[in-house]
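Spelled out from the first residue to the last, the chains are:
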Amino acid sequence: LRNTWHVDLIMIASCTASYLVREYLIAHHFEIPSIIPTLLGTAIAFFIGFNNNQAYDRWWEARKVWGALVNDSRSFTRALLNYVDGEEETVKQMVYRHIAFLYALKANLRGAVDEIYIKYLNENDLKEMEKHKNMHNAILNIQSRDLQKLSKSNAIDGFRFIEINEMLVRFSDSMGMSERIKNTIFPTTYSYLTKVFIWLFVVTFTLVISQSAGVYSIFLGWLIGFVFVSTQINGMSLVNPFENNSAGVPLNQITRTIEINLLQMLGETEIPEPIKPINDEYVL
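S.K.: Summarise the packing of aromatic side chains; cite the residues concerned and give the values.
M.R.: Here the structure, examined in full by the defined rule, presents eleven aromatic pairs. Aromatic pair Tyr96 and Tyr120: ring centres 5.4 Å apart, planes at 70°, arrangement edge-to-face. Placement of the pair is Tyr96 in helix α3 (residues 88-110) and Tyr120 in the loop between α3 and α4 (123-129), with a sequence separation of 24 residues. An identical accessibility class is assigned to Tyr96 and Tyr120; each is buried. Note on Phe201 and Phe228: the rings are 5.3 Å apart at their centroids and 75° apart in plane angle, and the pair reads as edge-to-face. Residue Phe201 is found in helix α7 (residues 188-213), and its partner Phe228 is found in helix α8 (residues 217-236); the two are separated by 27 residues along the sequence. By the burial criterion, Phe201 is buried, and Phe228 matches it. An aromatic cluster is defined as three or more aromatic residues linked by ring pairs; in this entry it consists of Tyr56, Trp59 and Trp60.

S.K.: Before we move on, can you summarise a negative patch on the surface with the specific residues and values?
M.R.: A cluster of acidic side chains, namely Asp85, Glu88, Glu89 and Asp157, defines a negative patch on the protein surface. Inspection of the secondary structure puts Asp157 in the loop between α5 (135-152) and α6 (158-183). The exposure class assigned to Asp157 is partly exposed, which follows from its relative accessible area of 37%.

Each value, and the rule that gives it
- Residues numbered from 1 in each chain as written.
- Predicted model: local features only at pLDDT ≥ 70, side-chain atom pairs only at ≥ 80, totals over all residues.
- Heavy atoms only, no water.
- Phe/Tyr/Trp six-rings, centres within 6.5 Å; stacked < 30°, edge-to-face > 60°.
- Helix = DSSP H or I, 4+ residues; strand = E, 2+ residues; numbered from the N terminus.
- Buried < 20%, exposed > 50% of the residue type's maximum accessible area, 1.4 Å probe, protein only.
- Patch = residues over 30% accessible without salt bridge, like charges linked within 9 Å, V, L, I, M, F, W, Y side chains within 5 Å.
- Areas by Shrake-Rupley, 256 points an atom, 1.4 Å probe, with all protein chains shown as cover.
- Salt bridge = Lys/Arg side-chain N within 4 Å of Asp/Glu carboxyl O.
- Lys, Arg positive; Asp, Glu negative; His and termini not counted.
- Charge placed at Lys NZ, Arg CZ, Asp CG, Glu CD.

See below:
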């Protein structure tokens with residue numbers, strides 16, 4: 001009700017108007033055939049089903065992208081720790097920089113001012129990133145440059161260089177897929193037409209049922225409309241999977257999990273606490 005109250009008021013007003021029109025204008029002239037709301041209800045079911053399926057596909061794709069980031073982040077750190085010889089400080093800085101990459105990407109996807117990533121970057125990195133608008137892409141560029149330095153210093157051989165570089169490419173792919181999901185707008189015509197059809201259905205349903213239910217048709221019309229509207233809103237809440245709400249992909253939890261894992265792999269002692277569920281119901 002908190003999410004649909006304004007639509008509920010419109011539906012109640014529409015149901016009331018429909019009842020009054022039928023009762024005082026057309027009741028003695030003709031009856032509304034029941035096939036009309038039946039056909040409209042079928043059309044609405046198709047539209048809502050399509051909208052919800054497409055919305056869930058976007059959400060699930062976003063979740064798979066960030067699931068891949070979890071696995072690739074662990075593999076990236078493991079490769080740096082075990083494949084690079086004699087460059088412990090550079091390895092540590094690259095792992096820190098990767099944590100910064102995740103937090104910068106998360107902040108961009110959610111359109112939030114979240115500067116947690118700054119604490120994992122040194123002064124030179126921050127100075128270079130001032131030249132870029134896309135912070136997470138700039139971090140990947142610095143990572144690639146440092147990897148090249150490790151190769152030139154013979155800290156890693158050619159095969160291991162290729163393997164680690166492929167991980168950087170996968171990070172770039174995941175970044176691009178996340179940005180594509182965020183920047184691709186769900187077709188507004190589907191959502192708009194669904195709302196129009198629901199309104200037409202509520203009106204015609206009230207006209208038909210008022211022939212037998214009388215004034216109670218106002219409540220029944222609203223009740224049926226509420227079910228359709230709630231179903232549509234529930235599906236549309238998944239359209240933007242990176243939004244900071246209970247239906248979005250839990251980016252806070254995922255980035256914190258990766259951060260904890262990577263810091264523990266480095267042997268750090270100051271480990272942040274995991275993100276806990278809100279009211280034991282959902283995580284952000």
